Amino acid sequence: MKWLILVIWLASILFAHFRGRVRLRLSRQLLDQSALLAPVNAFMVLCSRVPTTPYLPSREIPELQMLDDNWEVIRDEALKMAELRRIKAAEKHDDIGFNSFFKYGWKRFYLKWYDARHPSAEELCPRTVAILKGLPKVKAAMFAELPPGGKLNKHRDPFAGSLRYHLGLTTPNDDRCHIIVDGEPYSWRDGESVVFDETYVHEAHNRSDANRIILFCDIERPLKWRWAEAFNRWFGRVVMSAASSPNDGGDQTGAINKLTHAHWVIDQKRKQFKAWNRTVYKIAKVVLIALVVVGFLAL
């Protein structure tokens, strides 16, 4: 049975790897965070009721028209958050989904994240939050900022149970500010939206001299069968909600991100120990590894 599970897991990773024209190195794909959910992702793609192409027509998910129609209302609250400097990087290293993005200038303000609550968004962006509450297919939403010179390197997102929606709020309206999904570019424009499959390799760049703020949403992927959709909702409620990250201290932090923060604190202590005495650090490291090996052999 364990060999069957391993074969299914590897087959699922290769399925994701060979789906698109643009691929990560196989060695990176095997170690990529998306590999953890590879069997779940393969199931979601194979059960998809909408096209599994890099970009999708927004008409495939009709309720997104509500966001398009209210883009100016949403834009006004996004501009307010930008003015207050509330669109920002995680301050406590507690955002596992986007930690690697912050060093390249990307910032966010959460409006919704699966079943986790963000009272800060309800207080500061009441009109946008009210619109989102009327759209149950929108599982996560945030204002996402990419300043001049900002970028996101090539990557896959880890979960195929959702599709990604971007709505331009205040953008450079310039082709130098764009996203590339499986080799196909799209340039953001104010008031215009796009839907794409974030499990294809994609990257983003702002090579213009103006800021870019968009509404960034995860939309529940329509699936062929009700039982499959029920599983998707259960997975989002249990697993994805655990990856919630706060805007401030009053918001909910999921269990996964509590561990992410704890790991960061421990890693800071490790770096301090190493800086204090590299020789003692190396000895302690070898001893710890030896204890782990001995413990494993004793099982």
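## Quick look at the overall build of the protein
Right, on to step 1. Each helix and strand counted, the protein has 10 helices and 10 strands in total.
Right, on to step 2. Across the 299 residues in the protein, those meeting the buried criterion constitute 47%.
Right, on to step 3. Within the protein, counting contacts between residues at least 6 apart in sequence, those at least 24 apart form 75% of the total.
Right, on to step 4. Taken as a whole, the protein presents about 15,600 Å² of accessible surface, with 61% of it coming from carbon and sulfur.

## Quick word on the pairing of strand 5 (residues 162-170)
Right, on to step 1. Counting buried residues along strand 5, eight of its nine residues qualify, which places the element largely inside the surrounding structure.
Right, on to step 2. Sheet topology places strand 5 next to strand 10 (residues 212-220); eight bridges connect them, and they run antiparallel. Within strand 10, the residue paired with arginine 164 across the bridge is aspartate 218.
Right, on to step 3. Of the pairings in the sheet, the one linking strand 5 to strand 8 (residues 193-196) comprises four bridges and is antiparallel in character.

## Quick notes on helix 8 (residues 226-238)
Right, on to step 1. Between its first and last C-alpha, helix 8 extends 18 Å over 13 residues, near the 18 Å set by a 1.5 Å rise per residue.
Right, on to step 2. Buried within helix 8 are the following residues: Ala228, Glu229, Asn232, Phe235 and Gly236. Across the axial projection of helix 8, the buried residues extend over an arc of 120 degrees, all falling on one side. Turned more than 90 degrees from where helix 8 packs its buried face, Arg226 and Trp227 sit exposed.
Right, on to step 3. Structurally, helix 8 contributes buried residues whose contacts are with helix 3 (38-46) and strand 10.

## Brief notes about the side chain of histidine 155
Right, on to step 1. Among the structural elements, histidine 155 can be located in strand 4 (residues 151-155).
Right, on to step 2. For histidine 155, a relative accessible area of 9% corresponds to the buried category.
Right, on to step 3. A polar atom in the side chain of histidine 155 sits 2.7 Å from the backbone oxygen of asparagine 153.
Right, on to step 4. In terms of polar contacts, histidine 155 uses its side chain to reach the side chain of aspartate 157, at 3.3 Å.
Right, on to step 5. Non-local contacts of histidine 155, meaning those with residues more than four positions away in its chain, are made with Arg28, Phe101, Tyr200, Val201 and His202.

## Some words on the packing of helix 5 (residues 71-83) against helix 7 (residues 126-133)
Right, on to step 1. Remark: helix 5 packs on helix 7, axes separated minimally by 8 Å, with the N-to-C direction vectors making an angle of 135 degrees. It follows that helix 5 is oblique to helix 7 by the angle criterion. Where helix 5 crosses over helix 7, the handedness of that crossing is left-handed. Every residue of helix 7 that contacts helix 5 at Val73, Ile74 and Glu77 is listed here: Pro126, Arg127, Thr128 and Ile131.
Right, on to step 2. Residues of the contact of helix 5 with helix 7, tallied by class, amount to four nonpolar, one polar and two charged.

## A few points about a nonpolar patch on the surface
Right, on to step 1. A cluster of nonpolar residues, Trp3, Leu6, Leu10, Leu14, Phe18, Leu26, Leu30 and Leu31, forms a patch on the protein surface that exposes about 840 Å² of accessible area.
Right, on to step 2. Residue assignment for the nonpolar patch shows that the elements contributing at least two residues are helix 1 (2-17) and helix 2 (26-31).
Right, on to step 3. With respect to the secondary-structure elements, leucine 26 resides in helix 2.

## Concerning the packing of aromatic side chains
Right, on to step 1. In this structure the tally under the stated criterion is 13 aromatic pairs.
Right, on to step 2. A ring pair is formed by phenylalanine 43 and tryptophan 227, whose centres lie 5.8 Å apart and whose planes are at 45 degrees; its orientation type is tilted. Placement of phenylalanine 43 in helix 3 and of tryptophan 227 in helix 8 is noted, with a sequence separation of 184 residues between them.
Right, on to step 3. A relative accessible area of 22% means that phenylalanine 43 is categorised as partly exposed.
Right, on to step 4. Taking the centre distance of 6.2 Å and the plane angle of 65 degrees together, the rings of tryptophan 106 and phenylalanine 216 count as edge-to-face. Of the two residues, tryptophan 106 sits in the loop between helix 5 and strand 2 (107-113) while phenylalanine 216 sits in strand 10, which places them 110 residues apart along the sequence. This pair shows no difference in class: tryptophan 106 is buried, exactly as phenylalanine 216 is.
Right, on to step 5. Taken together through their ring pairs, the aromatic side chains of Phe43, Phe159, Trp225, Trp227, Phe231, Trp234 and Phe235 make up a single cluster.

What counts as what
- Residues numbered from 1 in each chain as written.
- Predicted model: local features only at pLDDT ≥ 70, side-chain atom pairs only at ≥ 80, totals over all residues.
- Heavy atoms only, no water.
- Helix = DSSP H or I, 4+ residues; strand = E, 2+ residues; numbered from the N terminus.
- Buried < 20%, exposed > 50% of the residue type's maximum accessible area, 1.4 Å probe, protein only.
- Contact = heavy atoms within 4.5 Å.
- Areas by Shrake-Rupley, 256 points an atom, 1.4 Å probe, with all protein chains shown as cover.
- Pairing = 2+ DSSP bridges.
- Expected span 1.5 Å × (residues − 1).
- Arc of directions from axis to C-beta.
- Polar contact = N/O pair within 3.5 Å; in protein donor to acceptor, adjacent residues only side chain to side chain.
- Axes fitted to C-alpha atoms, helices over the stretch in contact; angles between N-to-C directions.
- Parallel < 35°, antiparallel > 145°, perpendicular 65-115°, else oblique.
- Left-handed = near helix turned anticlockwise from the far one by under 90°.
- Nonpolar A, V, L, I, M, F, W, Y, C, P; charged D, E, K, R; others polar.
- Patch = residues over 30% accessible without salt bridge, like charges linked within 9 Å, V, L, I, M, F, W, Y side chains within 5 Å.
- Salt bridge = Lys/Arg side-chain N within 4 Å of Asp/Glu carboxyl O.
- Phe/Tyr/Trp six-rings, centres within 6.5 Å; stacked < 30°, edge-to-face > 60°.

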